[in-house]
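# Fold and contact review
Listed below are the residues making up each chain.
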Amino acid sequence: MATDRLGDMRLFAEAAALGSLSAAGRKLALSPAAASARLFKLEAALHTRLFDRSTRQLRLTEEGRLYLQHCLIALRAIDEAEAVLQEGKNGVRGKLRISASADFGRHLLNQWLEEFISQHPELKIALILSDSMSNLLQDDIDLAIRFGRPQDGALVARPLAPNWRVLCASPDYLARHGEPSSPEELANHQFIVLVTAAGPLNTFHFAQGERQWSHTVAMEQAWETNDGALARSWALAGHGIARKTIWDAAADIRAGKLKMLLPGFSVSEAGVHAVFHSNKYMAPRVRLLLDFLIARFAHATEELLSDIAMPGR
């Protein structure tokens, strides 16, 4: 009976997180009919309704919200107890679900994860790459690596490293179009613009002392993509100026494949953060990865700052 109740609680918590009973059932290998029957059984045992079914999407009742808080505490405690036992016997194991931006994930984080997994061969990796912020609960993400702090108050952002954005272009592009010496001259140039779920990132802000500038790229004249790695490839191919984080562009700048533009002007900074949900239990394997990334970023930051000066500094 206790085992059945635990399973019902887990189904209820997943349905609340995903906003869908059928999606929660699929995640737990239950048919829609079985998932519905188990939820009705739980509500009957509690003598209360947990979800308002009058809307197209599941919505928690007041009683459901209260019960969910206690369910999450109980489920986290059980998961933690089982993880500690397994860790003591066999070391860390299981699957890590990680989200990152496309360019950073493919060209830097992927290398670091190879290093991490070589130290912990019992772990498996699921790496989800997107230049739009993932829904950590709905996508079942353990840890997201993002530039800037999330606006969602339910998310925790652990600073990992400084970061700044740079405008960069290939030597071939600059040979054909010239190198801008001030923000005003950007109006004469071609651009590659990253488009996210929040819209195109086509407005750039600059500062030099107390003076400030902004430049907005006309989208009808820009190359645009929702893939940061492709934007970088287009910049390398000479199709225009791209705005990249220094972590994405540093290797190409060091190799002379891209040149950082307007070095005398400071641009927006958005530090690198490890993002996770405040209500989600952090398993030992996730904690291990977070500690690894903190150390890895510290070492990489030291190398980065010794090689490349921040704009405006």
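In what follows, the accompanying structure is described. (Residues numbered from 1 in each chain as written. Predicted model: local features only at pLDDT ≥ 70, side-chain atom pairs only at ≥ 80, totals over all residues. Heavy atoms only, no water.)

## Here's the deal with helix H5 (residues 102-119)
For the record, the criterion: Helix and strand assignments follow DSSP, with helices taken as H or I runs no shorter than four residues and strands as E runs no shorter than two, numbered in order from the N terminus. Helix span is expected to be 1.5 Å times the residue number reduced by one. The angle separating two fitted axes, one through the seven residues that finish at a residue and one through the seven that start at it, defines the bend at that residue. Partly exposed residues are those whose accessible area sits between 20% and 50% of the maximum for their type, while under 20% is buried and over 50% is exposed, using a 1.4 Å probe and protein chains only.
For H5, with 18 residues, the first-to-last C-alpha span of 25 Å sits near the 26 Å given by 1.5 Å per residue. At Leu 109, H5 shows its largest kink, close to 45 degrees. Where H5 is concerned, the buried positions are Ala 102, Asp 103, Phe 104, Gly 105, Leu 108, Leu 109, Trp 112, Leu 113 and Phe 116.

## Observations regarding the pattern of salt bridges
Here is the rule: By salt bridge we mean one thing: a side-chain nitrogen of Lys or Arg within 4 Å of a carboxyl oxygen of Asp or Glu.
By the definition in use, this model includes 15 salt bridges. Put simply, Asp 252 and Arg 232 hold a salt bridge, and the shortest N to O gap is 2.8 Å. Of this pair, Asp 252 sits in helix H8 (residues 246-254) while Arg 232 sits in helix H7 (residues 228-236), and the two are 20 residues apart along the sequence. Both residues of the pair, Asp 252 and Arg 232, belong to the buried class. The structure contains a network of salt bridges with shared partners spanning Asp 103, Arg 232, Lys 244, Asp 248 and Asp 252.

## Some words on the environment of Arg 285
The condition that has to hold: Contacts were defined at the residue level, with two residues in contact if any of their heavy atoms lie within 4.5 Å.
Mapped onto the elements, Arg 285 comes out in helix H9 (residues 284-307). By relative accessible area, Arg 285 is classed as partly exposed at 25%. Separated by 190 residues in sequence, Arg 285 and Lys 95 place their C-alpha atoms 8.4 Å apart. In contact with Arg 285, other than residues within four places in its own chain, are Val 92, Arg 93, Gly 94, Lys 95, Leu 96, Phe 116 and Leu 123.

## Things to note about the side chain of Arg 146
Our working rule: Pairs of N or O atoms are called polar contacts if they sit within 3.5 Å, as long as, within protein, a hydrogen donor faces a hydrogen acceptor (for residues adjacent in sequence, only side-chain-to-side-chain pairs).
On the secondary structure map, Arg 146 appears in strand E5 (residues 143-147). One polar contact links Arg 146 to Ser 99, side chain to side chain, over a distance of 3.0 Å. In contact with Arg 146, other than residues within four places in its own chain, are Ser 99, Ala 100, Ser 101, Ser 130, Asp 131, Ser 132, Met 133, Ser 134, Gly 271, Val 272, His 273 and Val 275.

## A short note on the packing of H5 against H7
Convention followed: Axes, fitted as lines to C-alpha atoms, cover a helix only where it is in contact. Angles between the N-to-C directions of the axes lie from 0 to 180 degrees. Under this scheme an angle from 65 to 115 degrees is roughly perpendicular, one under 35 degrees roughly parallel, and one over 145 degrees roughly antiparallel; angles in between are oblique. Each residue receives one of three labels: charged for Asp, Glu, Lys and Arg, nonpolar for Ala, Val, Leu, Ile, Met, Phe, Trp, Tyr, Cys and Pro, and polar for the others, Gly being one of them.
Relative orientation of the contacting elements H5 and H7 amounts to 80 degrees, with a least axis distance of 6 Å. Here H5 is positioned roughly perpendicular relative to H7, judged by the angle of their axes. Along the contact surface, H5 presents Ala 102, Asp 103, Arg 106 and His 107, while H7 presents Gly 228, Ala 229 and Arg 232. Residue composition of the contact of H5 with H7, grouped by class: two nonpolar, two polar and three charged.

## Some remarks on the sheet that holds strand E10 (residues 203-208)
We count it as follows: When DSSP finds two or more bridges between a pair of strands, those strands are recorded as paired.
Spatial strand order, E11-E10-E15: three strands in an open sheet with antiparallel pairing. If you trace the sheet from one side to the other, it starts and ends with strand E11 (211-216) and strand E15 (266-267), each paired once. Note: E10 against E15, two bridges, orientation antiparallel. Paired with Phe 206 across the strands is Val 267, a residue of E15.

Keep in mind that these numbers describe shape and distance, not what the molecule does.
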